[in-house]
Amino acid sequence: MKIILLGAPGAGKGTQAGIIKEKFNIPHISTGDIFRANIKNNTELGQKAKTYMDKGELVPDELVVDLVIDRLEQDDCKDGYILDGFPRTIPQAEELDKALAAKGDKIEYAINIETPDDFIINRMAGRRACVNCGATYHTSFMPPKTENICDKCGENLILRDDDKPETVKKRLEVYHDQTEPLIDYYKGTGILSSLDGTKDCEVVFAEICDVVEK
Ligand code: ADP
Ligand code: ADP
Ligand code: ZN
């Protein structure tokens, strides 16, 4: 099962990917998590990516595409995967399709989680993230069992720098400008499904299951 999750920052991609991963036993590949791990470990890639991420801009395609295509070559991806936060531009989508087609392979589902901007602002303000395992929480909608501690791994949770309101505004602009066109791209390839991301997490997940299990 090869799935791409589309949607604005804060639409719930990471949350849903975490549940899909557990249920279908396929890896969750988040380019944002990969960059944050590189920043934490102070790698060259991390240093480069951080300058863009801090401003709410996209990291250039050439720093992202090969990284993901290499990741998909790994053994744990052979029965499928969930891509979260990639592709984010038309060129990224084209490169991905080209690389997969060269192996006789393709993405089966592009699932667009539709969430209006005014929901996003509230979700980001309350989002708390675990930089250790990638889990996300929300102070009111999905609080951790112990305040500020990750349920899954026990690490302290953070408010991401780029989740502050000024940067969220910029990220939404970037989303509408550069990532939203992917909706038409995947409509064109015939694999798009859209669902309402404002519903409860369990309802959104049930709708994703309807798409991939039909
Ligand atoms: P969110 O889950 O809130 O949408 P992500 O964790 O996916 O945020 O991404 C955080 C930041 O990492 C983005 O704002 C962008 O700077 C960078 N990034 C992540 N994935 C990509 C990508 N595919 N292309 C370019 N930049 C990316
Ligand atoms: P994305 O990966 O698309 O940026 P996240 O999965 O990190 O989004 O979700 C953004 C924030 O919204 C998090 O704080 C998360 O706990 C919360 N959230 C996710 N899905 C829902 C939902 N269906 N209803 C309410 N809050 C949600
Ligand atoms: Zn954790």
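Notes on the structure in this doc start here. (Residues numbered from 1 in each chain as written. Chains lettered and ligands numbered in written order. Predicted model: local features only at pLDDT ≥ 70, side-chain atom pairs only at ≥ 80, totals over all residues. Heavy atoms only, no water.)

Structural notes on the site of ligand 1
Phase 1 of the analysis: The immediate surroundings of ligand 1 are formed by 20 residues, with Thr31, Arg36, Glu57, Arg127 and Arg171 found nearest.
Phase 2 of the analysis: Between an oxygen atom of ligand 1 and a side-chain N or O atom of Arg127, the distance comes to 2.7 Å.
Phase 3 of the analysis: Taken by itself ligand 1 offers 560 Å² of open surface, and the protein chains cover 97% of this.
Phase 4 of the analysis: For the shell around ligand 1, the element with the highest residue contribution is helix α2 (residues 31-40), accounting for four residues.
Phase 5 of the analysis: Residues of the shell around ligand 1, tallied by class, amount to eight nonpolar, four polar and eight charged. (Near = heavy atom within 4 Å. Polar contact = N/O pair within 3.5 Å; in protein donor to acceptor, adjacent residues only side chain to side chain. Areas by Shrake-Rupley, 256 points an atom, 1.4 Å probe, with all protein chains shown as cover. Helix = DSSP H or I, 4+ residues; strand = E, 2+ residues; numbered from the N terminus. Nonpolar A, V, L, I, M, F, W, Y, C, P; charged D, E, K, R; others polar.)

Observations concerning the coordination of the zinc ion (ligand 3)
Phase 1 of the analysis: Within the protein, Cys130 (SG), Cys133 (SG), Cys150 (SG) and Cys153 (SG) serve as the donor atoms for the zinc ion (ligand 3), at 2.3 to 2.4 Å.
Phase 2 of the analysis: Each of the four donor atoms bound to the zinc ion (ligand 3) contributes to angles spanning 97 to 118 degrees, and the resulting shape is tetrahedral.
Phase 3 of the analysis: Mapping the donors of the zinc ion (ligand 3) onto the primary sequence gives the spacing C-x2-C-x16-C-x2-C. Of this pair, Cys130 sits in the loop between β5 (127-129) and β6 (136-138) while Cys150 sits in the loop between β6 and α7 (165-179); the two residues are 20 residues apart in sequence, bridging distant segments of the chain.
Phase 4 of the analysis: Under the relative-accessibility criterion, Cys130 is labelled buried at 4%.
Phase 5 of the analysis: Given a relative accessible area of 2%, Cys150 falls into the buried group. (Donors = N, O, S within 2.8 Å, 3.2 Å for Na, K, Ca; no water. Tetrahedral: all angles 85-135°; square planar, octahedral: opposite > 155°, others 65-115°. Buried < 20%, exposed > 50% of the residue type's maximum accessible area, 1.4 Å probe, protein only.)

Some words on empty space enclosed by the protein
Phase 1 of the analysis: All told, the structure shown has one cavity of 30 Å³ or more when counted by the stated rule.
Phase 2 of the analysis: For the largest cavity, the calculated volume is near 50 Å³.
Phase 3 of the analysis: Lining the largest cavity, in full, are Leu5, Leu6, Gly7, Lys13, Gly85, Pro87, Arg88 and Thr179.
Phase 4 of the analysis: A breakdown of the residues in the lining of the largest cavity according to their chemical character gives three nonpolar, three polar and two charged. (1 Å grid on protein atoms, 1.4 Å probe; cavity = no way out; pocket = protein on both sides within 12 Å on 5 of 7 lines; lining within 4 Å. Points joined across faces, edges and corners; volume = space filled by probe spheres on them.)

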